[in-house]
Structures are given as C-alpha cells and as structure tokens.
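Spelled out, the chains give:
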Amino acid sequence: MNLLSIDGGGIKGLYSAAFLAGLEHIYKKKTVECFDLVAGTSTGGIIALAIAAKISVKTIVSFFKDWGPKIFKSRLKGPKTLILSKYSNQCLTEALQDVFGNIKISDIYSKDDDLAVCIASIDAILGTPIVFKTPHDPGFSRDNDLFLWEVALATSASPTFFPIAKLDSRQSSSWKLYVDGGLWANNPGFIALTEALTYKKQVIKNIFMLSLGNITSTTTLKSNTFLQKGIAQWSVDFIKMTMNTQSIAIHNQVKLLFEKQGLRDHYTRIEHTASNNSSLQQLDCANRSNLNDLENLGNNRAYTESNNPSIRHFYAKGELDGKL
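Values in this document were obtained by computation on a predicted structure and should not be read as measured data.

Caption draft 1: Local environment of the pairing of strand β4 (residues 128–133). Note: strand β3 (residues 116–123) against β4, six bridges, orientation antiparallel. Counted as the bridge partner of S121 is I130 from β4. Taking the residues between adjacent antiparallel strands as the criterion, β3 and β4 are bridged by four residues, where G127 takes a positive phi near 70 degrees.

Caption draft 2: Up close: the confidence of the model for the protein. In the predicted model, the protein carries a mean pLDDT of 89, and the fraction of residues at 70 or more is 87%. Per-residue pLDDT stays below 50 along residues 318–324; that stretch engages in 18 contacts with residues further than four places along the chain or on separate chains.

Caption draft 3: Summary view of the nonpolar core. If you look at the biggest cluster of nonpolar residues, it comprises 74 residues, and the most contacted ones within it are L20, L49, I51, L96, F100 and Y315. With eight residues, the single largest contributor to this core is helix α1 (residues 13–27). Each residue touching I51, except ones within four places of it in the same chain, is listed here: L4, I6, L20, T31, V32, V57 and L115.

Caption draft 4: Fine view of unusual backbone geometry. Here K28, not a glycine, exhibits a phi torsion of approximately 55 degrees, which is positive. Here K28 shows up in the loop between α1 and β2 (37–41). Within the chain, S42 stands out as a residue other than glycine whose phi angle is a positive 55 degrees. Classification of S42 as buried rests on a relative accessible area of 7%.

Caption draft 5: Structural detail: the environment of H313. Position of H313 relative to the elements: it lies in helix α11 (residues 309–315). When the C-alpha atoms of H313 and F208 are compared, they prove to be 8.7 Å apart, with 105 residues separating the residues in sequence. In terms of polar contacts, H313 uses its side chain to reach the side chain of N2, at 2.8 Å.

Caption draft 6: Quick peek at the packing of aromatic side chains. Applying the stated rule across the entire model yields 11 aromatic pairs. Consider the rings of F72 and Y87, whose centres lie 5.4 Å apart with planes at 85 degrees: the pair is edge-to-face. Here the residue F72 occupies a position in the loop between α3 (57–71) and α4 (90–100), and Y87 occupies one in the loop between α3 and α4, the gap between them amounting to 15 residues. According to the relative accessible area criterion, Y87 is buried, its value standing at 3%.

Reading the values: the criteria
- Residues numbered from 1 in each chain as written.
- Predicted model: local features only at pLDDT ≥ 70, side-chain atom pairs only at ≥ 80, totals over all residues.
- Heavy atoms only, no water.
- Pairing = 2+ DSSP bridges.
- Helix = DSSP H or I, 4+ residues; strand = E, 2+ residues; numbered from the N terminus.
- pLDDT = per-residue confidence, 0-100.
- Contact = heavy atoms within 4.5 Å.
- Core = buried A, V, L, I, M, F, W, Y, C linked by side-chain atoms within 4.5 Å.
- Buried < 20%, exposed > 50% of the residue type's maximum accessible area, 1.4 Å probe, protein only.
- Polar contact = N/O pair within 3.5 Å; in protein donor to acceptor, adjacent residues only side chain to side chain.
- Phe/Tyr/Trp six-rings, centres within 6.5 Å; stacked < 30°, edge-to-face > 60°.

Laid out in structure tokens, this is it:
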C-alpha cells in the first residue's frame, strides 16, 4: 500500500506541488494513480484534496503562483497584529472555491480503487483534533457533504496569519469553528500510517510511504534571550516553533518505526534545507522572486530524485509493488 503525506507550510507548499508536478512530467503518470491514501495538513491538505479530486498538479502549481500574492497581501502591520490576524481569509476562500468548485468529499471517493484522504484540523469549539476523511471505511460518513473548499479552509486557518474558519454545520442550524491542523499534525505522517494500519487493515511490511515536506526551518532562541517572554515577545515564533518541531518529531518517529522493522527503504522523506533567514523559509513570502525559487527548487528536486529507487517504487512500479 502506498501512502503520501504532505506537510503544512503556507506558500512553501509550492515547493511540494512543483516536486510532484516534476515527477508526473518525468514518469508520465499522475500522482493520483500512484498512491492508495494521502494525508495532508494546511497547504499540504489543499494539495492532497486536489490530487484526490483529480485536479492536475500543474494546476495546483499555478494556484500557488496566481493566488499566493493575493492571499498573502498584508492588511495589517505593527501593533494591530497583536489583536487581529495578519491576513483576511476572504481571498483564500475565493481561491479555494475557484479551484475546487462544488466538489464534495463524497464525490472524490466512491469505489475501492479511489484515493483515500485524511486532512488534519482542530475543532476549536470542542478543543479537539479532527481528521476529515473520505468514506473509505463503511463507518465514515460524517464529512461526506462537506465541500472540498470548506475542508481546505478548515485545515489552513493558521493562528495569527488567518482568521478562525467558520463553517455551517451539516447536522443543524449552528456553525463550527476550525483552526489549522498544523498545531498538532503539521507533518501528517502518523495520520497516514495509523489509517493504513487500522481502517485499511494493512501490515507494516506492505506499506510504503512518501513523506513530502517543503522548505525546512527552525525557530531558535539565543542563549542570552529574554527568558520571561510574554505574548508580544513570543509573537508568531511560538506557532512556528510548534509546527517545526512537530514535523521533525513525526519524521524521526516514523523513520525509526520503519527502520526497526527492517523496512528502511519503505519510508522516504523529501524536503529542502535553505540557508538561515532565507525568504524561502517564510510561510507568507509570496513575491514573484520567491515563488520562482520555490517552483525551481521543487522541479529540480524531482529530477534529482527521479532515479531514486524509493521514488521509482511509487511512480514506475506503483501498480506492481505498491497496490496490495
């Protein structure tokens, strides 16, 4: 069984989309044909939903390039950002509706060979993690009537960057509130693996996972930093540190789990390490130059990895070795 896990990372998702687009060009095969289950968070959730909806990965690359500068057009600066989100989600909502239209969760999974999807978010009213799912198990029906754009908005409502996502409930006249799943699953690798081992009833020796990150970044503090930091001192560093360390931890844990089972080649992690303080590391740097760099880095990495046996397993031999 082939699993695809796609990290969150704001505009850095362009790197992930460009990497997949590059592989599709090289192998002349669509990503949706190469995997059985995809898990995504935030920007990775948007990509995952698009793949499952059979939307061209090239279209998603264009989505980031065309809509990115509009979505990340700052409306607030200075002290006001201590009270209000940096960006409005109006343009993000319009962008998601433009790319997904009226497609619902139930529309993208109707038979056994469709791509199962898991998208991480947080139910802010209940204060609990939530995973939006396709009906790939007979017991899954809760999310069937949700539009893909709604799920995408719920998974990408990053604190301080965007407002909390407010969506109408399908069960009543009330509404629900959602926050970015990156706060607990920025790297959704364990979501994918858990889903495969439980609801998909697989054994680990039959599982192969491609974990797709984007541009690595670390939020560090100097040894002489002010120790009694409050809200203003931490600012967005608190959110970034939470997401960054969570991604690293999940990668290390999943990697160790496969290695200790003697399955080192069953797990592949792709990401790019940029220089310190690079604009590439920013979640919301959507100027033309940075978008060009992200796309080039993703495409180039695809060509670099195209002869990697672990990557070839998914794209060149996926139907033979991975579809179990």
